[in-house]
Amino acid sequence: MKPRIYFDYAATTPVDERVISAMLPYFTNIYGNPSSIHLFGQQAEAALETARDTVARTLNCLPDEVIFTSCGTESDNLAIRGVCLTRQRNYGANHILISPVEHHAVSHTTLQLEEFYGFQVEYLPVDQYGMVHPDDVATRIRQNTALVSVIYANNEIGTVNPISEIGAVCRQKGVPFHTDAVQAAVYLSVDVESLNVDLMSIGAHKFYGPKGVGALYIRKGTEIIPCQTGGGQEYSLRAGTHNVPYIVGLAEAFQLAQKESKERGDRLQKLREKLIHEVLSKIPASKLTGHPTQRMPNHTSFIFENVDGNTLLVLLDSVGFACSSGSACKTGNPEPSSVLMALGIPHSWALGSLRVTLGVNTIPEHIDMLLPALEASISQIRKQRKL
Ligand SMILES: *Cc1c(COP(=O)(O)O)cnc(C)c1O
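Description of the structure in this document. (Residues numbered from 1 in each chain as written. Predicted model: local features only at pLDDT ≥ 70, side-chain atom pairs only at ≥ 80, totals over all residues. Heavy atoms only, no water.)

A few words on the overall build of the protein chain. Within the protein chain, the regular secondary structure consists of 14 helices and 12 strands. Scaling as 2.2 N^0.38, a compact globule of 387 residues should have a C-alpha radius of gyration of about 21 Å, and the protein chain matches this with 21 Å. Overall size of the protein chain, expressed as C-alpha extent along the three principal axes, is 70 × 50 × 35 Å. Scored against the burial criterion, the 387 residues of the protein chain give a buried share of 56%. Within the protein chain, contacts between residues separated by at least 24 positions form 75% of all contacts whose residues are at least 6 apart in sequence. (Helix = DSSP H or I, 4+ residues; strand = E, 2+ residues; numbered from the N terminus. Rg over C-alpha atoms; globule rule 2.2 N^0.38 Å. Buried < 20%, exposed > 50% of the residue type's maximum accessible area, 1.4 Å probe, protein only. Contact = heavy atoms within 4.5 Å.)

Moving on to the site of the ligand. Every residue near the ligand is listed here: Cys71, Gly72, Thr73, Asp76, His103, Ile151, Asn155, Asp180, Val182, Gln183, His205 and Lys206. In this structure, aspartate 180 approaches the ligand through a side-chain N or O atom, which is 2.6 Å from a nitrogen atom. Within the side chain of histidine 205, one N or O atom sits 2.8 Å away from an oxygen atom of the ligand. Here the ligand loses 89% of its free accessible area of 390 Å² to cover by the protein chains. Its residues assigned to classes, the shell around the ligand comprises three nonpolar, six polar and three charged. (Near = heavy atom within 4 Å. Polar contact = N/O pair within 3.5 Å; in protein donor to acceptor, adjacent residues only side chain to side chain. Areas by Shrake-Rupley, 256 points an atom, 1.4 Å probe, with all protein chains shown as cover. Nonpolar A, V, L, I, M, F, W, Y, C, P; charged D, E, K, R; others polar.)

On to the nonpolar core, then. Residues Leu59, Phe207 and Phe304 are the most contacted members of the largest nonpolar core, which totals 91 residues. At 12 residues, the largest contribution of residues to this core is made by helix α10 (residues 244–282). When sequence neighbours within four positions are dropped, the list of residues in contact with leucine 59 reads Val66, Val190, Asp191, Val192, Met200, Tyr217 and Phe254. Counting residues in each nonpolar core, the second largest holds 20 residues, with Ala79, Val83, Cys84 and Ala146 among its members. (Core = buried A, V, L, I, M, F, W, Y, C linked by side-chain atoms within 4.5 Å.)

Looking now at the environment of threonine 86. Structurally, threonine 86 is set in helix α4 (residues 72–91). Using a relative accessible area of 7% as the deciding quantity, one classes threonine 86 as buried. For the pair threonine 86 and isoleucine 225, spaced 139 residues apart in sequence, the C-alpha separation works out to 6.3 Å. What threonine 86 contacts, discounting residues up to four positions off in sequence, is Glu223, Ile224 and Ile225.

Shown next, in the form of structure tokens:
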């Protein structure tokens with residue numbers, strides 16, 4: 001029988017059973033609207049505020065610095081649009097600094113601000129591993145910079161940026177600093193004090209919580225307007241009736257992930273090292289993308305010369321392995337990912353990308369099974385190319 005092995009934890013994770021148990025009562029027993037005055041509302045509000053306290057404790061911030069949203073993408077949108085639009089109106093600040101390796105939730109938001117709202121977006125340089133260097137941030141911040149946003153851990157290539165140092169530069173220059181920590185939050189430190197961040201996005205489904213719920217940390221005193229207007233929920237920064245069970249689930253998953261991150265990360269890092277070593281030594285014309293050491297402990301990503309990444313994914317899937325190319329690249333119109341282009345990787349390599357991300361259900365045998373399948377698939381694709 002063919003295996004069914006999941007190697008795509010960077011795309012999403014299964015929900016932890018403990019998280020489901022924590023959520024269940026809030027669908028049926030405690031179903032009130034937290035904004036209601038009556039007892040049903042009060043009970044839901046108590047759950048909401050307990051969840052906020054949990055998230056705040058985990059982030060090392062105050063409860064009213066935590067805003068619940070519908071996903072990581074919405075958190076990024078609120079941070080960027082909310083800060084940029086208000087700083088443009090208040091100070092005429094219309095310059096945005098981001099890295100060229102952001103998730104589309106950030107980069108497409110800033111593109112829209114450029115196209116429709118008169119902002120100028122400047123892209124920071126990155127090194128061959130896709131890492132941003134704090135000195136480059138220092139020299140590019142301007143008088144009229146509205147916001148700096150740099151991804152914490154890259155979803156595609158796993159590289160971890162020096163967020164604390166970049167944050168220190170921004171603070172010294174008096175410019176708000178946002179980081180997209182959606183990928184990072186499952187294994188890395190999320191202490192907003194030591195990270196020197198003013199805004200930080202997280203999303204529950206990347207850390208064994210449910211899909212469709214996220215949070216944004218907003219440091220007290222940060223100027224920001226809501227993107228979604230309506231009721232006064234979330235300190236009037238995010239209108240809409242609270243999704244109480246999902247918020248409870250996010251809080252539970254977040255504190256569990258952070259509590260267990262060291263142990264889980266160490267275990268996966270060993271498997272990751274083995275996988276990287278075996279792929280690079282067994283498969284000709286293969287390279288690791290992203291940083292060799294400053295990367296997510298569960299994350300591997302490769303490029304293979306003269307291999308179509310989509311074909312590779314389909315072949316691997318057909319023998320039971322669920323991997324990813326790392327970017328949302330569409331079949332039929334193979335465009336190399338913008339992240340790999342920013343690293344200066346040539347076309348003949350960039351189209352052959354593969355991301356294999358490990359997680360809670362990964363065991364050493366899975367790696368042992370993947371390797372021969374990967375070797376066979378790649379040599380099959382390369383042989384067909386030559387015909
Ligand atoms: C997954 C992801 C997002 C989007 O989060 P959703 O909760 O799926 O909207 C944003 N940024 C990064 C780095 C991600 O990995």
